[in-house]
Amino acid sequence: MALLPAVPARWRYPLLLAAYGLFLLLGAAVFSALEGPPERALRGSLRAARARLLAEHGECLPEPRLDALLRRLLGAGSYGVSGAGNGSGDENWEFTSALFFAASVLTTTGYGHTVPLSDWGKIICIFYAFVGIPLTLVFLACLLHHLLPLVSSRPVQYVHRRWGFPEGHVALIHATVLGLATVSLFILIPAICFWALERNWNFLESVYFCFISLSTIGLGDYVPRGSSQPPLHELYELSITCYLLVGLLAMLLALETAYRLREIQALVSFFAPSRDQPSEDNDRLEILPRDQLALSTLSGESSQERPAEPGAT
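Residues numbered from 1 in each chain as written. Predicted model: local features only at pLDDT ≥ 70, side-chain atom pairs only at ≥ 80, totals over all residues. Heavy atoms only, no water.

## Some points on helix H5 (residues 167-197)
In this model, H5 (31 residues) spans 44 Å end to end at C-alpha, consistent with the 45 Å of a helix rising 1.5 Å per residue. Its axis deflected by about 35 degrees at Ser184, H5 carries its strongest bend there. Those residues of H5 lying buried are Gly168, Val170, Ala171, His174, Ala175, Leu178, Thr182, Phe186, Ile187, Pro190, Ala191 and Phe194. (Helix = DSSP H or I, 4+ residues; strand = E, 2+ residues; numbered from the N terminus. Expected span 1.5 Å × (residues − 1). Bend = angle between axes of the 7 residues up to and from the residue. Buried < 20%, exposed > 50% of the residue type's maximum accessible area, 1.4 Å probe, protein only.)

So, in structure tokens, the structure goes:
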């Protein structure tokens, strides 16, 4: 932080924009380098499998009919309906699944594996999100307003007053411990549970799902299925819905606690200084008007105190 004040104020916003743009370009380059070869390999394997299928069953399954069937299967998959087996997989719109969908909409997670099929469902979804997302933000803001003093401010003040440690150091250690506890309770431990319950997930994929969900990214490439038996499946989906809501609140508490650190506030103030604090340039601009005001005031007082000359009318 000692080097930051050396940057002139007029260059701070361009520096921030350039750094963010560079970070964005770096991410694109890394993902392109990492994901390009696996995608090309997958495309090659799909073309080979298609060629083998047509070679073996081309007489009874013409290529146009195969293409039509594949398009229909892919279209059904985009609506959350699987064509594997006989197409009798888990339903997407029983009550607990609809509750999971509503929670993913209101928290802007949006996995994309379940979407409205009907026109009225799409219209209702628009209005539901239009009203529900602001309500969710207000609800979370109210919860943060009541929970932040209990989770963030009071523990730091208690340790500072009880043992006399510097408040800044206590706040930094507290934010670190809170962040580690949040990661452990809402990412690592749930990932172990998903690893055990989801047959096709490894531990990395489970951690990936937990983080993507609680950060409200919700890519939708991994969606928990659990047991196919109706009572257990409904309980599983209800538990995941509660996990998403509570985990999102815990993430917000940890992030808000970190945001209140002096180091973070100093970094924010460096790039976005308060307008209430007068800058050095404003002080220079106001020197001349102040001097003129002082001279005019003194000249006015002198003219009032000067006695009138004899014979003046």
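## A short note on the pattern of salt bridges
Tallied over the entire structure, the rule returns 3 salt bridges. With its nearest N and O atoms 3.2 Å apart, the salt bridge here joins Glu39 to Arg43. Of this pair, Glu39 and Arg43 both sit in helix H1 (residues 12-57), separated by 4 residues, roughly a single helical turn. On the basis of relative accessibility, which here comes to 47%, the residue Arg43 falls in the partly exposed class. Salt-bridge contacts for Arg260 lead to Glu256; the nearest nitrogen and oxygen are separated by 3.6 Å. (Salt bridge = Lys/Arg side-chain N within 4 Å of Asp/Glu carboxyl O.)

## With respect to the packing of helix H3 (residues 95-106) against helix H4 (residues 119-163)
Contact geometry for H3 and H4: axes closest at 8 Å, N-to-C directions at 60 degrees. One element, H3, and the other, H4, form an angle in the oblique class. Mapping the contact onto sequence places Phe101, Ala102, Val105 and Leu106 in H3 and Cys125, Tyr128, Ala129, Gly132, Ile133 and Thr136 in H4. (Axes fitted to C-alpha atoms, helices over the stretch in contact; angles between N-to-C directions. Parallel < 35°, antiparallel > 145°, perpendicular 65-115°, else oblique. Contact = heavy atoms within 4.5 Å.)

## What to know about a nonpolar patch on the surface
A contiguous nonpolar surface patch, about 620 Å² in accessible area, is contributed by Val183, Leu185, Leu188, Ile189, Ile192, Trp195 and Phe203. Secondary-structure assignment places Leu185 in helix H5. Owing to a relative accessible area of 51%, Leu185 belongs among the exposed residues under this scheme. (Patch = residues over 30% accessible without salt bridge, like charges linked within 9 Å, V, L, I, M, F, W, Y side chains within 5 Å. Areas by Shrake-Rupley, 256 points an atom, 1.4 Å probe, with all protein chains shown as cover.)

## Things to note about the packing of H4 against H5
Orientation of H4 relative to H5, taken along the N-to-C sense of each, is 135 degrees, at an axis distance of 9 Å. Relative to H5, the element H4 is oriented oblique. Crossing of H4 over H5 shows right-handed handedness. On the side of H4, the interface is formed by Val151, Ser152, Pro155, Val156, Gln157, Val159 and His160, while H5 contributes Glu167, Val170, Ala171, His174 and Leu178. Looking at the contact of H4 with H5, its residues break down into 7 nonpolar, 4 polar and 1 charged. (Left-handed = near helix turned anticlockwise from the far one by under 90°. Nonpolar A, V, L, I, M, F, W, Y, C, P; charged D, E, K, R; others polar.)

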